[in-house]
Amino acid sequence: MRMNAIAMVVVFPALVMMSNVAAAAAETKPDVKGLYLLTDYPTVSVRPGTTSTISLRLQNYGLPPENFALSVDGAPAGWTATLLGGGQPVGAAMPATDQSVSLQLRLDVPADADAASKTLTVKAEGQGNSVSLPITVNLAKELPAKLTLTPQLPALRGTPKSSFDYTVSIKNDSGRNLTVSLAATAPRNFETSFTESYGTQELTSVPIDAGLSKDVKLKVRPPSSVDAGTFPIEMTATSGDTTAKTELSLEVVGQPRLTISGRDGRVSVLNAVAGEQTTVPLVIANDGTAAADNIELSGSGQSGWKIEFDKKTIDRIAPGQTTEVNALITPTDKALAGDYMTTVRASSRGETASTDFRVTVGTSTVWGMVGFGIIAVALLVMFGAVARFGRR
Amino acid sequence: MRREGSPWQGLGTVLLKELADHFDSPRMLLLALLMVLAAAVPFYSAVDQLRTTTSEDPFLLLKLFNPGGQTLSVVAILGFVIPVMAIGLGFDAVNGEHNRRTLSRILAQPIYRDALLAGKFLAGIIILAVNLMCLWLLVAGFGVFFLGVPPSGDEFARALVFYFIAVAYAGAWLGMAMLFSVLFRSPATAALLALGVWLFMTLLWPMISPFIAALVSPPDVRYTLLGILDPQTAAWQQGLSRISPYLLFEEATRTILTPTTPSLGPVLDQIRALRGEVVGAALPLRESLAIAWPGAVSLIAGAIVLFVATYVVFQRQEVRA
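### Concerning the pairing of strand β14 (residues 178–185) of chain A
Residue and element names in this part refer to chain A.
Then, number 1: Here β14 shows one buried face, formed by Leu-178, Val-180, Leu-182 and Ala-184, and one open face, formed by Thr-179, Ser-181, Ala-183 and Thr-185.
Then, number 2: Both β14 and strand β19 (residues 229–239) contribute to a ladder of five bridges, which runs antiparallel. Within β19, the residue paired with Leu-182 across the bridge is Ala-237.

This is the structure in structure tokens:
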């Protein structure tokens, strides 16, 4: 503690001295005197039919405060040039000594303005001083884009069940920080949403700093009933008067969709017997948009159950067509009487369909008779013993 | 004085006469009905449980006798009812003859006391065996009828072994009932004492024997802290519990009827689990038999010992009334 206190005592005055020196250096006035009308960019490009704003500054170096009348000369016919200060039109400005006043020159350029460059002169006139600033306005038909959209993969292909993710980078070239709102137009019933490239939060607009770019993800989900074909998606990014568009395309390839059901839609098998094969007719339909090829059938049930098919594979089912096969279900020898679930599956290159069948296993009549026989033997033993050994 | 002629002379006559008496008596009919009704309830619940929870089981027939878990099984009911039936058949075997004053008349015939006692005992055993066989067939028959699954050979053999153990168990209780019928002249005393022993052995002894085991061999603190039974105490507990024919029967039948959990008693099970042995695997019939053998033999030996005691007491008794 004591050491620290001593150090403070020694160091603190030194710090104060150093800061005094720095302040004195900053306050040395530049060797400039007078009144100046300043702008950062004396020559600008403007697109006809738009409104532009040019920042100005009236700087007073070492003069007493004075009233300066402001005016703009040289505006061509049809143009409107207005000087704004603090957001409203102003006619005069009064900068204090060594102070400046911010001004803005607002230019409304008519759409039919000819392409030649024009020079406007902004004047500030006081009692003794007067300054003027010529500003050259170039008229450009096409300004460099302020927003650009670059899709990384503009055309995607998939099935109606897949989700199409377009990663689009938005670049802000406008020189200002912008908040860009995003929109996408897609065919009817297509679902579109924007997310960050590595996020799940959906968004409608993104802030982008000047000169930077940002990746957003456009997720398009076609309706599951969509037919095969190519669909255009248009993505729009808007910020104020700037708009950028990009065309994306989405190709949906046809997909088979299989369904399995029993004949007449029945999914129950009533009279299976333990250890005996039961034939169940199945209808396999393709409701999809493409043909299903090479359909493999399989089934599963309780352990020990055998589920086979008279045709193990089906070569092809055209869209909208159905095929009938027979499933051969054999419950295990040891299956108790009761209801069991079995699953029948059809799969064709990634497309699978499955249906649960409820199989009711009844007691085999043979074993029912055997049961009765054993009960009869039991009664025979009893009555036989009584009859044989009872009092005669 | 040397005995002349075969001691078995007249055995057949006594046996047939006793069988005829029993088969015609309403007592046997009532006892048989009691056994069937008592077994019907747990049998039905076992069938119900199997139909709803089991899709396939390699030991269905055995599950009908002993479904496992907390449910009351046919076997547990039989463990209670078989002694009642045996006592009911045997409690007045000898003193009944005394009281009707027929004993001296019978012995006046060329029939030795050996043949009389053996005939009565054999007749009781045959009656019990026939009844149990009936019950066994009813369980198997209704089981096949309700579940629709035939028993496998292994199951059938196990069920038959269970039947023989049950007959041996019945024989032990019949021997006890007959011993009391020789010891006491009043059938009521004999019946009450036999029922008292039955109650003590089936209900009280399973509760008392762990206490006695803990008294004789107090469990080591180290085992208690570990939460397992001291092997010494467990051995005492098991040994003491085997005094009761009910617990012997229960142990033997459990081993035979549940091949998947062949329990060797709490302590051995613990040791097996500690050694990493899988306790749930099914044992072959031969192994189950080897485990159940001491219990079954004890039951048979108990029946013989009790019969011999009865014989000795009867031979030394004054039969003239």
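### Some points on the interface of chain B and chain A
Then, number 1: Contacts between the two partners involve 25 residues from chain B and, on the opposite side, 29 residues from chain A.
Then, number 2: Only α1 (11–24), α2 (26–53) and α7 (113–147) of chain B provide two or more residues apiece to the side of chain B that touches chain A.
Then, number 3: The leading source of residues in the side of chain B that touches chain A is α7(B), at eleven residues.
Then, number 4: Here the residues of the side of chain B that touches chain A sort into 17 nonpolar, four polar and four charged.

### Describing unusual backbone geometry
Then, number 1: For A:Asn294, which is not glycine, the phi torsion reads 55° and is therefore positive.
Then, number 2: Along the polypeptide, A:Asn294 turns up in strand β24 (residues 292–300).
Then, number 3: The class for A:Asn294 is exposed, based on 11 C-beta atoms found within 10 Å.
Then, number 4: One non-glycine residue, B:Arg101, lies in the positive phi region at around 60°.
Then, number 5: As for its placement among the helices and strands, B:Arg101 is situated in the loop between α5 (95–99) and α6 (103–108).
Then, number 6: Under the C-beta neighbour-count criterion, B:Arg101 is labelled exposed, with 9 such atoms within 10 Å.

### As for the confidence of the model for chain A
Interpreting fine coordinate detail is not advised for predicted regions of low pLDDT.
Residues and elements named next belong to chain A.
Then, number 1: Residues of chain A with pLDDT of at least 70 account for 91%, and the chain-wide mean is 82.
Then, number 2: Below a pLDDT of 50 lies the segment residues 14–19, which in the model reaches zero contacts outside its immediate sequence neighbourhood of four places, other chains included.
Then, number 3: Confidence drops under pLDDT 50 across residues 21–26; counting only partners more than four residues distant or on other chains, this segment forms zero contacts.

### A closer look at the pairing of strand β18 (residues 213–221) of chain A
Then, number 1: Pairing geometry for strand β13 (residues 164–172) of chain A and β18(A), over eight bridges, is antiparallel. The residue bridging A:Val168 from the neighbouring strand is A:Val216, located in β18(A).

### Describing helix α9 (residues 187–216) of chain B
All names here are of chain B.
Then, number 1: With 30 residues, α9 ought to run about 44 Å at 1.5 Å a step, yet its terminal C-alpha atoms sit only 37 Å apart, falling short of that.
Then, number 2: Taking the largest bend as the criterion, α9 deviates by roughly 60°, centred on Trp-205, and proline Pro-206 comes between one and four positions later.
Then, number 3: Residues of α9 that are buried: Ala-190, Ala-191, Ala-194, Trp-198, Ser-209 and Ala-213.

### Overview of the packing of helix α8 (residues 153–183) of chain B against helix α12 (residues 245–257) of chain B
Residue and element names in this part refer to chain B.
Then, number 1: Orientation of α8 relative to α12, taken along the N-to-C sense of each, is 175°, at an axis distance of 9 Å. Judged on the interaxial angle alone, α12 and α8 are roughly antiparallel. Judged by residue contacts, Arg-158, Val-161, Phe-162, Ile-165, Tyr-169, Ala-172 and Trp-173 of α8 engage Pro-245, Phe-249, Ala-252, Thr-253, Ile-256 and Leu-257 from α12.
Then, number 2: When grouped by side-chain class, the residues that make up the contact of α8 with α12 number eleven nonpolar, one polar and one charged.

### Observations regarding the packing of α7(B) against helix α14 (residues 285–315) of chain B
Residue and element names in this part refer to chain B.
Then, number 1: Where α7 contacts α14, the two axes come as close as 10 Å, and the packing angle between them is 145°. The crossing of α7 and α14 is right-handed. Within the contact between the two elements, α7 uses Arg-113, Leu-117 and Phe-121 and α14 uses Phe-307, Thr-310, Tyr-311, Phe-314 and Gln-315.
Then, number 2: Split into classes, the residues belonging to the contact of α7 with α14 amount to five nonpolar, two polar and one charged.

### Let's talk about the environment of A:Pro134
All names here are of chain A.
Then, number 1: Position of Pro-134 among the secondary structure elements: in strand β10 (residues 130–139).
Then, number 2: Judged by the 12 C-beta atoms lying within 10 Å of it, Pro-134 falls in the exposed class.
Then, number 3: Along the backbone, Pro-134 and Thr-39 are 95 residues apart, and their C-alpha atoms lie at a distance of 10.0 Å.
Then, number 4: With sequence-adjacent residues up to four places away left out, Pro-134 is seen in contact with Thr-119 and Thr-121.

About the thresholds
- Residue numbers run consecutively from 1 along every chain, following the written order of its sequence.
- Here every chain gets a letter starting at A, and every ligand a number starting at 1, in the order they are written.
- Local features in this predicted model are restricted to residues of pLDDT 70 or higher, and side-chain atom pairs are both shown and tallied only at a pLDDT of 80 or more, whereas totals for entire chains, interfaces and linings draw on every residue.
- To sort residues by burial, count the other C-beta atoms lying within 10 Å of each one's C-beta; a count of 20 or more means buried, 12 or fewer means exposed, and anything in between means partly exposed. C-beta atoms are built from the backbone.
- We count a stretch as a helix when DSSP gives it H or I for four or more residues in a row; a strand needs E for two or more, and each element gets its number in order from the N terminus.
- Note: two strands are recorded as paired if DSSP finds a minimum of 2 bridges between them.
- Contact between two residues is assigned whenever their backbone-derived C-beta positions fall within 7 Å.
- Three categories are distinguished: nonpolar for Ala, Val, Leu, Ile, Met, Phe, Trp, Tyr, Cys and Pro, charged for Asp, Glu, Lys and Arg, and polar for the others, with Gly belonging to the last.
- Confidence per residue, as judged by the predictor, is encoded in pLDDT with a range of 0 to 100.
- The span you would expect from a helix comes to 1.5 Å times its residue count less one.
- At any given residue, the bend is defined as the angle formed between two axes, one fitted to the seven residues that end at that position and one fitted to the seven that begin there.
- For helices, the fitted axis covers only the stretch in contact; all axes are lines through C-alpha atoms, and the angles between them, taken along N-to-C directions, range from 0 to 180 degrees.
- With respect to orientation, any angle under 35 degrees is reported as roughly parallel, any angle over 145 as roughly antiparallel, any angle of 65 to 115 as roughly perpendicular, and every other angle as oblique.
- In this scheme the crossing of two helices becomes right-handed for a clockwise turn of the near helix relative to the far one and left-handed for an anticlockwise turn of less than a right angle.

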